[in-house]
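So you can see what is in the structure, the chains are spelled out below.
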Amino acid sequence: MSLDQCGDQYALALAPHAELALSPRADDPDSWMREAAEGRRRVRPTLEAAIGFQPDVVVRYWGGDARLLARLEAKGVRVVTIADAVDFDGVRGNIRGAADVLGAPSRGEALIARMDARLREAAAAPAAPSRSALYLTAGGFTAGRGTLVDSIMGAAGLTNLVTGPGFAPVSVERIVLWRPARFVLGFFDQSRGDWRGPGRHPSVRSAAEGRVAARLPAASLTCPAWFAADAAAMLKAGG
């Protein structure tokens, strides 16, 4: 049983032949494994649903409240919690940890091998003319040190212009006055998400014109998983 969309990705990739109960968002446009989720059972991440499904293993990133998790553990259900990895070593740890509990170590190693191949692909591609960039979401947020986005940019050979830690809002005024040499845009493919956010402001759009290194799809950014390497490869190819 998966309690959230990130858990869905791991369950689908590592236990494709198991009887799965996925989250309601398993086939949303921002789900990397959405095609594999088609036709699969969906349940809400509630205690009642867990009692009805009676899972052997539960996979989660943030989903499930304290009451549900305590009840699952009391019943002897193994709970895999995906860590909020900030680099690719952390992603490798997530994959191996989930694969071990799900009894799929070979599938886990295959995912890691695929991820590493994509990282080598990103590293081998020609570098962009400008090697510095600002990451920006449609909602007007950027990412600095200690984030997986920063590691994705580094894997693609780009220097992150944000040197502070974590995620932070960036104002329209700052972007217009600062005018970064390159932009890495994330989550702009979600037409209904943050459609009035600062990142979609006409002044920001004008500042970014001709300076976009890549537009990374939401599906590649929503979960600390192996497809973060695909985002790096897309970024290198787009830059």
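Residues numbered from 1 in each chain as written. Predicted model: local features only at pLDDT ≥ 70, side-chain atom pairs only at ≥ 80, totals over all residues. Heavy atoms only, no water.

K.L.:
Any chance you could explain the pattern of salt bridges here in plain terms?
P.N.:
Pairing of side chains with opposite charge becomes possible as their charged atoms draw close. Under the definition given, this model contains 11 salt bridges. Of the charged contacts, one joins aspartate 27 and arginine 42 as a salt bridge, the two residues approaching to 3.2 Å between their closest N and O atoms. Of this pair, aspartate 27 sits in the loop between strand E1 (21-22) and helix H2 (34-37) while arginine 42 sits in strand E2 (residues 41-42), and the two are 15 residues apart along the sequence. For arginine 96, the salt bridge is made with glutamate 109, and the minimal N-O distance between the two is 2.8 Å. In this pair, arginine 96 is assigned in helix H5 (residues 88-101) and glutamate 109 in helix H6 (residues 105-124), connecting sequence segments 13 residues apart. A relative accessible area of 42% means that arginine 96 is categorised as partly exposed. In this structure glutamate 109 comes out as partly exposed when scored by relative accessible area, which is 36%. Through salt bridges with shared partners, a single network forms among Arg114, Arg118, Glu121 and Asp230. (Salt bridge = Lys/Arg side-chain N within 4 Å of Asp/Glu carboxyl O. Helix = DSSP H or I, 4+ residues; strand = E, 2+ residues; numbered from the N terminus. Buried < 20%, exposed > 50% of the residue type's maximum accessible area, 1.4 Å probe, protein only.)

K.L.:
Looking at this model, I keep getting lost on the nonpolar core. Mind explaining?
P.N.:
Where a protein is soluble and globular, its nonpolar side chains tend to be buried together. Tyr10, Ile152, Met153, Val184, Trp226 and Leu235 are the most contacted members of the largest nonpolar core, which totals 51 residues. Residue assignment for this core shows that the elements contributing at least two residues are helix H1 (5-14), strand E3 (57-60), H5, H6, strand E5 (132-137), helix H7 (148-155), strand E10 (212-216) and helix H10 (228-238). (Core = buried A, V, L, I, M, F, W, Y, C linked by side-chain atoms within 4.5 Å.)

K.L.:
I keep staring at the sheet that holds E5 and nothing clicks. Help me out?
P.N.:
The strands that make up a sheet are held in pairs by hydrogen bonds between backbone atoms, and each pair lies either parallel or antiparallel. The sheet built from 4 strands is open, its strands ordered E7-E5-E9-E10 with parallel pairing. The open sheet has two free edges, formed respectively by strand E7 (159-160) and E10, since each of these has just one partner strand. Examined bridge by bridge, E5 and strand E9 (residues 183-186) share 4 bridges and lie parallel to one another. Its bridge partner being in E9, leucine 134 is matched across the sheet by phenylalanine 183. Those strands touched by H10 are E9 and E10, and its axis lies near 150° from that of E10. (Pairing = 2+ DSSP bridges. Contact = heavy atoms within 4.5 Å. Axes fitted to C-alpha atoms, helices over the stretch in contact; angles between N-to-C directions.)

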